[in-house]
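Examination of the molecular architecture
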Amino acid sequence: DVSVGALYLHFKTKEDILANLTARFIVRHIRLITEFISGTTEGAARLQKLLEYFRQMTADPILAIFPTMPLCSYNKFNSIDSATRDAVISASDKLITLTESIFIAGRDDGSLIVDHDPKILAATLIRSVMALFQENYAPDFDLVFKRNIHTNYTFSDIFDVFSSVFLNGVLVKK
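Residues numbered from 1 in each chain as written. Predicted model: local features only at pLDDT ≥ 70, side-chain atom pairs only at ≥ 80, totals over all residues. Heavy atoms only, no water.

Now for the overall build of the protein. Secondary structure assignment for the protein yields 8 helices and 0 strands. Listing each helix as α and each strand as β along the protein from the N terminus yields α-α-α-α-α-α-α-α. Excluding contacts between residues fewer than 6 apart, the proportion of contacts in the protein whose partners are at least 24 apart in sequence is 68%. Within the structure as shown, the protein displays about 10000 Å² of accessible surface, and the carbon and sulfur contribution to it stands at 59%. (Helix = DSSP H or I, 4+ residues; strand = E, 2+ residues; numbered from the N terminus. Contact = heavy atoms within 4.5 Å. Areas by Shrake-Rupley, 256 points an atom, 1.4 Å probe, with all protein chains shown as cover.)

The structure is reproduced here in structure tokens:
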């Protein structure tokens, strides 16, 4: 057990606490993603496994907590301790770098057509996945859209369509 006072000896604000948890969450998932895609060398297969990992995350109830936290507000993010903010940015950069390596592998082995900078593709994919998670879990995010779409389809269904479009529409396999 840790008292509230003990937490605030280490962290200045609740945003610092949440940011630290977010950085740890990202680092943990980078490790799990790396394990999940290990043994797969072809870029297209690694990309499919990465998207499968994210699809499996849609069932994780802990994931539902992060998009609803006040930290997701840009103004709140700028108010946290710089070392903690840097930890979140560093963890996010590592996730993008891991994803970039998948696009580079696919470009190099010919399993993916990569017509853009792999880093931009990686950042786009990660931001898109994060937006999907946020849209699904944040209760005040575009309520009309949620009412019209989510009553008929599960988040997993929507993520499957996203994965298919991304794999087959944006990065056409040779």
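Let us now look at the packing of helix H2 (residues 14-37) against helix H5 (residues 82-109). The interhelical angle for the contact between H2 and H5, taken along N-to-C directions, is 20°, at an axis separation of 8 Å. Viewed along their axes, H2 and H5 adopt a mutual orientation that is roughly parallel. Handedness of the crossing formed by H2 with H5: left-handed. Contact residues: Asp-16, Ala-19, Asn-20, Thr-22, Ala-23, Ile-26, Val-27, Ile-30, Ile-33, Thr-34 and Ile-37 in H2; Thr-84, Ala-87, Val-88, Ala-91, Ser-92, Lys-94, Leu-95, Leu-98 and Ile-102 in H5. When the residues that make up the contact of H2 with H5 are grouped by side-chain class, the tally is 13 nonpolar, 5 polar and 2 charged. (Axes fitted to C-alpha atoms, helices over the stretch in contact; angles between N-to-C directions. Parallel < 35°, antiparallel > 145°, perpendicular 65-115°, else oblique. Left-handed = near helix turned anticlockwise from the far one by under 90°. Nonpolar A, V, L, I, M, F, W, Y, C, P; charged D, E, K, R; others polar.)

Another aspect to go through is the nonpolar core. Counting 31 residues, the largest nonpolar core has Ile-33, Leu-47, Phe-54, Phe-103, Leu-125 and Phe-162 as its most contacted members. Sorting the residues of this core by element identifies H2, helix H3 (43-57), H5, helix H6 (118-137) and helix H8 (155-170) as the ones contributing at least two each. Leave out the neighbours within four places in its chain, and Phe-54 touches Ile-33, Ile-126, Val-129, Phe-133 and Phe-159. (Core = buried A, V, L, I, M, F, W, Y, C linked by side-chain atoms within 4.5 Å. Buried < 20%, exposed > 50% of the residue type's maximum accessible area, 1.4 Å probe, protein only.)

This part takes up the side chain of Asp-16. By the element assignment, Asp-16 lies in helix H2. Using a relative accessible area of 2% as the deciding quantity, one classes Asp-16 as buried. Setting aside its immediate chain neighbours within four residues, Asp-16 contacts Phe-11, Ile-80, Asp-81 and Thr-84.

Taking 1.5 Å per residue as the helical rise, H2 with its 24 residues ought to reach 34 Å, and the 34 Å between its terminal C-alpha atoms agrees with that figure. Phi for Gly-39, located one or two positions after H2, is positive at around 85°. (Expected span 1.5 Å × (residues − 1).)

Let's shift gears to the packing of H3 against H5. Viewed as axis vectors pointing N to C, H3 and H5 meet at an angle of 150°, and their least axial separation amounts to 7 Å. With respect to H5, the axis of H3 lies roughly antiparallel. Facing H3, whose interface residues are Gly-43, Ala-44, Arg-46, Leu-47 and Leu-50, H5 presents Thr-99, Ser-101, Ile-102, Phe-103, Ala-105, Gly-106 and Asp-109. Residue composition of the contact of H3 with H5, grouped by class: 6 nonpolar, 4 polar and 2 charged.

This part takes up a nonpolar patch on the surface. On the surface, Val-2, Val-4, Leu-7 and Tyr-8 cluster together to form a nonpolar patch covering roughly 370 Å² of accessible area. Structurally, Val-4 can be placed in helix H1 (residues 4-10). (Patch = residues over 30% accessible without salt bridge, like charges linked within 9 Å, V, L, I, M, F, W, Y side chains within 5 Å. Salt bridge = Lys/Arg side-chain N within 4 Å of Asp/Glu carboxyl O.)

On to the packing of aromatic side chains, then. Across all of its chains, the model carries 2 aromatic pairs by this definition. Taken together, the ring pairs connect Phe-36, Tyr-53 and Phe-54 into an aromatic cluster. Here Lys-49 stacks its cationic end above the ring of Phe-36, 5.0 Å away from the centre of that ring. (Phe/Tyr/Trp six-rings, centres within 6.5 Å; stacked < 30°, edge-to-face > 60°. Lys NZ or Arg CZ within 6 Å of the ring centre and 35° of its normal.)

Right, let's talk about the side chain of Thr-99 for a bit. One can find Thr-99 in helix H5. Within the structure, Thr-99 has its side chain in polar contact with the backbone oxygen of Leu-95 (distance 2.9 Å). Aside from chain neighbours lying at most four places away, what touches Thr-99 is Leu-50, Ala-122, Leu-125 and Ile-126. (Polar contact = N/O pair within 3.5 Å; in protein donor to acceptor, adjacent residues only side chain to side chain.)

Let us look at the confidence of the model for the protein. Summarising the model, the protein shows a mean pLDDT of 76, and 72% of its residues fall at 70 or more. Here residues 138-151 is modelled with pLDDT under 50, and outside its nearest four sequence neighbours on either side it reaches 17 contacts, counting other chains as well. (pLDDT = per-residue confidence, 0-100.)

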